[in-house]
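Residue-level structural notes
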Amino acid sequence: MVRTGVLCGLGAYGLWGLFPAYFGLLEPAGAVEILAHRVLWTLVLMLIVLGVMGRLRTLRGLSARTWGLVAAASTAIAVNWGVYIYGVVSGRVVETALGYFINPLVSVVFGVLFFRERLRPAQIAALVLAVCAVVVITVDYGRPPIIALTLALSFASYGVIKKIVPLDPRTSLTGEGIVAAPFALGYVIFLAVTGTGTFLGHGVDHTALLVSAGLVTAVPLLLFGAAAQRVPLATLGMLQYLTPSLQMTWGVVVLGEDMPASRWIGFVLIWIALAVYSTDALVRARRQRAVVTAEPRAA
């Protein structure tokens, strides 16, 4: 069961890591048009999934508070998706990878701010290193890494909301799509009316690729959901670094993005911070398992 979960986790993070290759195929569609189609076709697919599962009725009985949380989650993930797509199509894949390297550390800060979690010494050290890394990269770029910071903050915000929304991931994702769909559909219609859209004017292959955005979005999310049920969180946390690693490799090796020595220094600081953070998480998880295992014996 754990092995299956690990494979699902590898599949999810591996597919997310290959997103730069996929979104690069969607030219000449712009970032907002791609985002709109991603929202619409993901919703279509998730409605089918919920229909097959017989869970569409769940959406009818949601309270106003729950819909408010779903709308907040929809906003956060739309910002994340949109900025990520913009980063890829504008040739800043390495900066998007930085965002997902930083994200776990931003989540730690949000845990303190919103759930009153206490920082352990190792987490404090990791955060200090991460701040130093951002400073170094800011000096290198000559500006703050806005794309990376926006990705980290928006996805961490999404995680906070998903932690408190009283819905399973599939129902929540479908609700998020329902909230965003009017805006996405309105934009697609606007593009069609003004003749600036690419959905039907650039061949069957391009149309099929835009439609496939729903499948490309939903499959790794479903794999991730399966992995989360079978794999310890510490293991899942380690697997998540596969995504930005693949993204960074694509940006540097395939796209040939510039990586001067100063930028490498910033990334090395981030990797050291993540190593400190991950080691602390693994040690803590093993101690907790040891306590749980020892309790029946003590009884």
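Per chain, residue numbering runs from 1 following the sequence as it is written. Under the rules for a predicted model, residues below a pLDDT of 70 receive no local features and side-chain atom pairs below 80 are neither given nor counted, while totals for whole chains, interfaces and linings still include all residues. Remark: hydrogens and water are excluded; side-chain values derive from all non-hydrogen atoms of the structure.

So, about the overall build of the protein chain. Per the secondary structure count, the protein chain includes 14 helices and 0 strands. The secondary structure listing takes helices from DSSP runs of H or I that are at least 4 residues long and strands from runs of E that are at least 2 residues long, numbered from the N terminus. For the protein chain, the α and β elements follow one another from N to C terminus as α-α-α-α-α-α-α-α-α-α-α-α-α-α. C-alpha atoms of the protein chain, sized along the principal axes, occupy 65 × 50 × 35 Å. Two residues form a contact once any of their heavy atoms are found within 4.5 Å. Contacts spanning at least 24 positions in sequence make up 84% of the contacts within the protein chain whose residues lie at least 6 apart. Using a 1.4 Å probe, the Shrake-Rupley method yields the accessible areas, and only the shown protein chains count as cover for residues. Summed over its atoms, the accessible surface of the protein chain is roughly 15,000 Å², and 69% of this surface lies on carbon and sulfur atoms.

Moving on to the packing of aromatic side chains. Pairs were defined over the aromatic rings of Phe, Tyr and Trp, the Trp ring being its six-membered one, requiring ring centres within 6.5 Å. Orientation was assigned from the angle between planes: stacked under 30 degrees, edge-to-face over 60, tilted for the rest. Inspection of every chain in the model, using the stated rule, returns 16 aromatic pairs. Taking 5.4 Å as the distance between ring centres and 80 degrees as the angle between the ring planes, the aromatic pair formed by Phe19 and Phe23 counts as edge-to-face. Of this pair, Phe19 and Phe23 both sit in helix 2 (residues 19–24), 4 residues apart, roughly one helical turn. Exposure class is identical for Phe19 and Phe23. Each is buried. Grouped by ring-pair contacts, the aromatic residues Phe19, Tyr22, Phe23, Tyr84, Tyr100, Phe155 and Tyr158 constitute a single cluster. Directly above the aromatic system of Trp81 lies the positively charged group of Arg38, at a separation of 4.1 Å from the ring centroid. Buried means the residue's accessible area, taken with a 1.4 Å probe over protein chains only, is under 20% of the maximum for its type, while exposed means over 50%, and partly exposed covers the values in between. Note on criteria: charge over ring means Lys NZ or Arg CZ within 6 Å of the ring centre, with the direction from the centre no more than 35 degrees off the ring normal.

With that settled, the discussion passes to the nonpolar core. By size, the foremost hydrophobic cluster in this structure holds 47 residues, and its most contacted members are Phe23, Ile34 and Tyr84. Secondary-structure elements contributing two or more residues to this core are helix 1 (2–17), helix 2, helix 3 (31–53), helix 5 (64–89), helix 6 (93–115), helix 8 (146–164), helix 9 (169–194) and helix 11 (213–230). Setting aside residues up to four positions removed in sequence, Ile34 forms contacts with Phe23, Leu26, Ala29, Ile85, Val89 and Leu210. Buried Ala, Val, Leu, Ile, Met, Phe, Trp, Tyr and Cys residues form a nonpolar core when they are joined through side-chain atoms within 4.5 Å. Phe101, Ala126, Leu269 and Tyr277 belong to the second largest nonpolar core, which has 28 residues in total.

What follows concerns the pattern of salt bridges. When a carboxyl oxygen of Asp or Glu lies within 4 Å of a side-chain nitrogen of Lys or Arg, that pair is called a salt bridge. Across all of its chains, the model carries 5 salt bridges by this definition. Linking Asp280 and Arg120 is a salt bridge whose minimum nitrogen-to-oxygen distance equals 2.6 Å. Taken together, the residues Asp280 in helix 14 (residues 261–298) and Arg120 in the loop between helix 6 and helix 7 (121–141) connect sequence positions 160 residues apart. Taking the relative accessible area as the measure of exposure, Asp280 reaches 17% and is therefore buried. On the basis of relative accessibility, which here comes to 22%, the residue Arg120 falls in the partly exposed class. Here Asp140 and Arg263 are joined by a salt bridge, their closest N and O atoms 2.5 Å apart.

Helix span is expected to be 1.5 Å times the residue number reduced by one. An ideal rise of 1.5 Å per residue puts 33 Å on 23 residues; helix 6 measures up with 32 Å between its terminal C-alpha atoms. The reported bend at a residue is simply the angle between two axes, fitted to the 7 residues ending at it and to the 7 residues beginning with it. Largest kink in helix 6: about 40 degrees, centred on Asn103, with the proline Pro104 one to four residues after it. The buried fraction of helix 6 is high, at 17 of 23 residues. Positive phi appears at Arg116, one or two residues downstream of helix 6, with a value of about 55 degrees.

UniProt positions are given in the numbering used here, feature names are shortened, and annotations may be inferred rather than shown by experiment. Mapped onto this numbering, the UniProt entry annotates "domain: EamA" (unreviewed entry) at residues 4–138 and 146–278. The span residues 4–138 carries 84% helix and 0% strand; its end-to-end C-alpha distance comes to 41 Å.

With that out of the way, let us pick up the environment of Trp41. Among the secondary structure elements, Trp41 is positioned in helix 3. Along the backbone, Trp41 and Ala213 are 172 residues apart, and their C-alpha atoms lie at a distance of 6.4 Å. Among all residues touching Trp41, those that are not within four sequence positions of it are Phe199, Leu210, Val211 and Gly214.

The next subject is the packing of helix 6 against helix 13 (residues 242–254). One can describe the packing of helix 6 onto helix 13 by two numbers: an axis separation of 8 Å at closest approach and a directional angle of 165 degrees. If you check the angle between helix 6 and helix 13, you find them roughly antiparallel. Considering only the axes of helix 6 and helix 13, their crossing is left-handed. For the pair helix 6 and helix 13, contact is made by Val93, Val94, Thr96, Ala97, Tyr100 and Phe101 and by Pro244, Ser245, Gln247, Met248, Gly251 and Val252, respectively. Residues belonging to the contact of helix 6 with helix 13 are distributed by class as follows: 8 nonpolar, 4 polar and no charged. Axis definition: a line fitted to C-alpha atoms, limited for helices to the stretch in contact. Angles are taken between N-to-C directions and run from 0 to 180 degrees. With respect to orientation, any angle under 35 degrees is reported as roughly parallel, any angle over 145 as roughly antiparallel, any angle of 65 to 115 as roughly perpendicular, and every other angle as oblique. Handedness of a crossing follows from how the near helix is turned relative to the far one, being left-handed for an anticlockwise turn of less than a right angle and right-handed for a clockwise one. As a working rule, the residues Ala, Val, Leu, Ile, Met, Phe, Trp, Tyr, Cys and Pro are called nonpolar, Asp, Glu, Lys and Arg charged, and the rest polar, with Gly in that last group.

Here the focus is the packing of helix 6 against helix 8. Running from N to C, helix 6 and helix 8 cross one another at 45 degrees; their axes reach a closest spacing of 7 Å. The angle between the axes of helix 6 and helix 8 places the two elements in the oblique class. Regarding helix 6 and helix 8, the two cross each other, and that crossing is right-handed. Residues Glu95, Thr96, Leu98, Gly99, Tyr100, Ile102, Asn103, Val106, Ser107, Phe110, Phe114 and Phe115 of helix 6 form the contact with helix 8, whose participating residues are Ile146, Ile147, Ala148, Leu151, Ala152, Leu153, Phe155, Ala156, Ser157, Val160, Lys163 and Ile164. Tallied by class, the residues present in the contact of helix 6 with helix 8 amount to 17 nonpolar, 5 polar and 2 charged.

This part takes up unusual backbone geometry. The residue after Glu27, namely Pro28, is reached through a cis peptide bond having omega 15 degrees. Position of Pro28 among the secondary structure elements: in the loop between helix 2 and helix 3. Unusually for a residue other than glycine, Arg116 sits at a positive phi of about 55 degrees. You can see Arg116 is positioned in the loop between helix 6 and helix 7.

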